[in-house]
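These are the residues of each chain, in order.
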Amino acid sequence: MSASRAFELEKLRTGIAGFDQISNGGLPLNRSTLVSGTAGSGKTVLALQFLVMGVQTCAEHGVCVTFEEAPEDLMRNVASFGWDFESLNRNGQIAIVDATPEQGEEMVEAGAYDLSALMVRIENAIRKVNAKRVVLDSVGALFPQFSDANVVRRELHRIASALRLLGVTTIITMERLDEDGGLARFGVEEFVADNVLVLRNRLEQEKRRRTIEILKFRGATHQKGEYPFTVDHAEGVTIIPLSAIELKQRSSDLRVSSGVPELDQMCGGGFYRDSIILVSGATGTGKTLMVTHYLRAAIERGERALLIAAEESREQLTRNASNWNVDFDSAEKEGLLRIIARYPETMGLEDHLLYIQREINEFQPSRIAVDSLSAFERAGTPKSYREFVIALTSHIKKVGITGLFTNTTSMLMGGASITETHISTITDMIVLLRYVELYGVMRRGLAILKMRGTQHDKDIREYVIDGHGMHLVSTFRDVHGILTGAPTYMFARERDHLAEMFGGSQSEL
Amino acid sequence: MTLQLGLFITGQTSNSLRAMENLRRICQHELNIPCEIDIIDVLEHPQIAEDEKIVATPTLVKRHPGPVRKIIGDLSDTRKVLLGLGILQNSSAGRMGKEEGAGNERE
């Protein structure tokens with residue numbers, strides 16, 4: 001490890017959320033990196049964020065060379081991210097070089113030329129603000145201004161080499177025509193960059209999905225493949241570094257109550273404090289009730305709880321909870337509970353993830369519930385849903401709080417769902433809630449399918465829901481196959497039962 | 001009427017030297033009006049290049065009379081320079097007009 005590291009080029013931490021993880025530490029120091037992507041893929045935002053983060057997180061100044069958008073437009077466009085380019089410019093932290101073509105100005109070519117003036121201006125700006133970071137956005141706009149594309153390519157190459165000598169790290173953005181075609185227009189990539197990032201903005205099953213891929217870093221390591229990212233009005237580009245998520249979770253021996261005393265007993269004293277619990281069941285089995293119990297247990301201890309609701313509105317949830325004598329309203333007023341009710345369809349899964357993470361970081365709850373997690377399946381492709389679940393789970397684990405997710409199964413009896421197959425391996429505990437049909441009567445059964453790190457009750461317990469909530473009663477005896485949804489009865493009991501059932505009616509006859 | 005011109009160069013490169021030489025020749029032999037020439041070395045005055053948004057060098061800027069026009073290159077193509085300065089009208093050079101049309105298309 002240490003030997004391979006010795007050869008690796010030094011990197012510059014960008015400060016862009018997630019990027020430094022997928023790039024194993026940032027952009028190659030003092031090199032140029034080409035950022036290629038179709039129109040609207042987020043190139044300019046990423047590039048400008050690189051400059052802003054430089055000032056905000058590393059006190060490194062920057063130069064923005066704009067070829068396409070006039071400086072005023074550029075500043076106005078990024079103001080929506082809360083980036084005050086104007087004052088950064090005024091304070092001498094970011095210099096802007098305006099290389100946009102003058103409107104309506106004719107330019108005649110009469111002989112040989114080069115772009116030395118541009119280079120001189122960039123150099124001048126770098127000196128002026130003592131810049132460490134440079135952005136050229138987007139060099140594609142340079143080509144139509146000159147008749148000879150070869151000259152432009154050659155000069156860009158020269159500029160990139162000169163910037164390297166000036167000790168600045170550069171991002172060069174370049175438009176590409178389509179997602180699967182050439183890397184960049186005008187053959188720029190062959191001339192400019194040892195390092196290439198590709199931003200994609202694909203339409204997958206009617207959902208937009210943005211990804212970033214590090215195509216190459218010459219002489220440096222990076223994570224491979226595409227990573228989803230989102231462009232958000234509070235933070236700009238946020239990359240979700242999925243496979244770079246480390247399995248470095250603390251383990252706690254502390255137990256917390258599930259809110260249902262009998263369930264606590266079944267799992268040996270409650271949930272582990274930093275565990276993820278999946279409650280899976282068909283509609284009406286009492287999942288939301290279980291969530292209510294779970295939240296109340298925190299509130300009663302004076303701890304904060306966060307509820308992400310995806311199926312019911314705040315009013316519905318509050319009303320239902322009050323039926324079980326849980327007062328969500330006053331808990332929210334006391335600052336012990338926060339309910340975020342948002343339909344999954346309102347935005348992409350990457351954005352949901354970002355918002356939930358932000359809520360967790362802001363509210364600092366001791367436990368979180370997502371009711372139901374499976375509703376988020378609707379908001380993305382199966383792939384992005386899986387990524388969402390993994391990223392959410394690992395974030396909850398990282399902050400070391402308890403997470404309870406519910407999962408709605410499509411079948412009333414038994415059955416598995418996508419959510420179960422996706423996340424059963426990353427949850428620490430799975431609680432199944434099932435309808436059980438016994439002798440023509442619907443009853444409900446609860447089973448703990450797995451629980452990491454401890455012994456748990458293997459029985460399938462019947463539970464009832466009354467005015468006070470959920471109560472676990474006796475174990476189902478002499479019945480097999482409850483989980484599959486097709487129970488069979490043991491013969492001896494069956495005969496008794498039949499005798500009982502028909503005995504009564506026979507005497508009536 | 002005086003023609004006010006600015007010529008942006010970068011040091012003593014061959015393009016710079018040729019551009020100065022060609023401009024002198026054109027002013028002396030092709031133009032019937034007096035011209036003021038301001039030669040700016042962008043290496044020494046980068047801020048002027050910044051203010052006038054010069055990207056390529058050499059660049060000849062016609063500052064007065066308006067409108068402002070920019071002619072880039074070492075000015076070896078005399079006809080293009082005259083066209084760019086608005087001295088040579090398309091009517092006075094029939095075949096030139098054709099050439100310029102082709103040039104526009106390329107742009």
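Above this text is the structure in question.
Residues numbered from 1 in each chain as written. Chains lettered and ligands numbered in written order. Predicted model: local features only at pLDDT ≥ 70, side-chain atom pairs only at ≥ 80, totals over all residues. Heavy atoms only, no water.

1. Focus: the sheet that holds strand β9 (residues 195-204) of chain A
Whether parallel or antiparallel, the strands of a sheet pair through hydrogen bonds between backbone atoms. All names here are of chain A. What counts here: One requirement defines pairing of two strands: DSSP has to find at least two bridges between them. Segments assigned H or I by DSSP are reported as helices when at least four residues long, segments assigned E as strands when at least two residues long, and all are numbered from the N terminus. A fitted line through C-alpha atoms serves as each axis, taken over the contacting stretch for helices, and the angle formed by two N-to-C directions is quoted from 0 to 180°.
Spatially, nine strands are ordered β5-β4-β7-β8-β3-β9-β10-β11-β12 in an open sheet, and the strand pairing comes out mixed. Both outer strands of the open sheet, β5 (94-98) and β12 (236-239), are each paired with one neighbouring strand and no more. Strand-to-strand twist in this sheet, taken as the mean axis angle between neighbours without regard to direction, amounts to 25 degrees. Note that strand β4 (residues 61-66) and β5 share five bridges and pair parallel. Within the sheet, the bridge partner assigned to Cys64 lies in β5 and is Ile96.

2. Focus on the interface of chain B and chain A
Using the following cut-off: Should any heavy atoms of two residues lie within 4.5 Å, those residues are considered in contact. Here the quantity called buried area is the total loss of accessible area, with a 1.4 Å probe, experienced by two parts when brought into contact, counted for both. Think of a salt bridge as a Lys or Arg side-chain nitrogen and an Asp or Glu carboxyl oxygen that are within 4 Å of each other.
Tallying the contact residues gives 30 residues for chain B and 28 residues for chain A. Both sides of the chain B and chain A interface together cover about 2500 Å² of buried area, and 52% of this is carbon and sulfur. Sorting the residues of chain B by area buried against chain A places B:Lys53, B:Val55 and B:Ile72 first, and these three jointly supply 29% of that buried surface. Seen at the junction of chain B and chain A, the total is two salt bridges. Residue A:Asp98 pairs with B:Lys53 through a salt bridge whose shortest N-O separation is 3.3 Å. Elements represented by at least two residues in the side of chain B that touches chain A include exactly α1 (14-29), α2 (46-51), β4 (69-72) and α3 (78-85) of chain B. Where strand β6 (residues 107-109) of chain A meets β4(B), three bridges bridge the pair, whose relative direction is parallel. Looking at the pairing, A:Val108 lines up with B:Ile71 of β4(B).

3. Focus on the state of the cysteines
Residue and element names in this part refer to chain B. The condition is simple: When the sulfur atoms of two cysteines come within 2.5 Å, that pair is taken as a disulfide. Any residue under 20% of the maximum accessible area for its type is buried, any over 50% is exposed, and the rest in between are partly exposed; the area is computed with a 1.4 Å probe on protein chains only.
Scanning the model with the defined rule gives zero disulfides over all chains in all. Cysteine Cys35 is unpaired, with the sulfur of Cys27 as its nearest cysteine sulfur at 3.1 Å. On the basis of relative accessible area, Cys35 is assigned to the partly exposed category, the value being 25%.

4. As for the sheet that holds strand β15 (residues 276-281) of chain A
Residues and elements named next belong to chain A. The nine strands are arranged β17-β16-β18-β19-β15-β20-β21-β22-β23 in an open sheet whose pairing can be described as mixed. Where the open sheet ends on each side, the last strands, each with one partner, are β17 (337-341) and β23 (469-475). Sheet twist, expressed as the mean angle between neighbouring strand axes with direction ignored, is 25 degrees. Both strand β21 (residues 441-451) and strand β22 (residues 461-466) contribute to a ladder of three bridges, which runs antiparallel. In the strand pairing of β22, Leu446 is matched with Arg461. Running at roughly 165 degrees to strand β18 (residues 367-371), helix α10 (residues 287-300) makes contact with β15, β16 (305-309), β17, β18, β19 (402-408), β20 (429-438), β22 and β23 of the sheet. Those strands touched by helix α11 (residues 314-323) are β16 and β17, and its axis lies near 135 degrees from that of β17.

5. Here we look at the pattern of salt bridges
Should the charged atoms of two oppositely charged side chains come close, the side chains can pair. All names here are of chain A. Going through the model one piece at a time under the given rule, you end up with 30 salt bridges over all chains. Among the salt bridges present, the one from Arg76 reaches Asp73, with a minimum N-O distance of 3.5 Å. A residue pair is termed a helical-turn pair when its members lie 3 or 4 positions apart in one helix, as Arg76 and Asp73 do in helix α4 (residues 71-79) at three residues. One salt bridge in this structure joins Arg358 and Glu235, with 2.9 Å as the shortest N-O distance. Pair noted here: Arg358 is in helix α13 (residues 349-363) and Glu235 is in the loop between β11 (226-232) and β12, with a separation of 123 residues, a long-range link.

6. Points about the packing of aromatic side chains
Here the distance between the centres and the angle between the planes together describe a pair of aromatic rings. Residues and elements named next belong to chain A. Short version of the rule: Here a pair means two rings of Phe, Tyr or Trp (six-membered ring of Trp) with centres within 6.5 Å. Their orientation is stacked below 30 degrees between planes, edge-to-face above 60, and tilted elsewhere. Both a distance and an angle decide whether a charge sits over a ring: NZ of Lys or CZ of Arg must be within 6 Å of the ring centre and within 35 degrees of the ring normal.
Inspection of every chain in the model, using the stated rule, returns five aromatic pairs over all chains. Among the aromatic side chains, those forming a connected cluster through ring pairs are Phe376, Tyr385 and Phe388. Positioned above the aromatic ring of Phe363, the side-chain terminus of Arg304 is 5.9 Å from the ring centre. The positively charged end of Arg367 is found above the aromatic ring belonging to Tyr294, 4.6 Å away from the centroid.

7. Some words on the environment of A:Leu163
Residue and element names in this part refer to chain A. Assignment of secondary structure puts Leu163 in helix α7 (residues 149-165). Leu163 sits in the buried class, given a relative accessible area of 0%. Remark: the alpha-carbon pair of Leu163 and Ile126, spanning 37 residues in sequence, is separated by 9.5 Å. When neighbours within four sequence positions are excluded, Leu163 is seen to be in contact with Met119, Ile122, Ile126, Val134, Val168 and Thr170.

8. Thoughts on the pairing of β16(A)
Burial analysis of β16(A) places five of its five residues in the buried class, which makes it a mostly covered element. The two faces of β16(A) match: A:Ala305, A:Leu307 and A:Ala309 on one face and A:Leu306 and A:Ile308 on the other face are all buried.

9. A few points about the nonpolar core
Short version of the rule: Note on terminology: a nonpolar core comprises buried Ala, Val, Leu, Ile, Met, Phe, Trp, Tyr and Cys residues joined through side-chain atoms within 4.5 Å.
One finds A:Val63, A:Val65, A:Phe67, A:Leu118, A:Leu136, A:Leu142 and A:Phe146 to be the most contacted residues of the largest nonpolar core, which totals 39 residues. Residue assignment for this core shows that the elements contributing at least two residues are β4, β5, α6 (116-129), β7 (131-137), α7, β8 (169-175) and β9 of chain A. Among the elements that make up this core, the one with the highest residue count is α6(A) (six residues). Other than its neighbours up to four places away in sequence, A:Leu118 contacts A:Val65, A:Phe67, A:Ala99, A:Leu142, A:Ile159, B:Ile54 and B:Val55.

10. Considering the side chain of B:Asn15
Looking at the element boundaries, B:Asn15 is found in helix α1. Residues within four places of B:Asn15 in sequence aside, it is in contact with A:Ala112, A:Tyr113, A:Asp114, B:Pro58 and B:Asp74.

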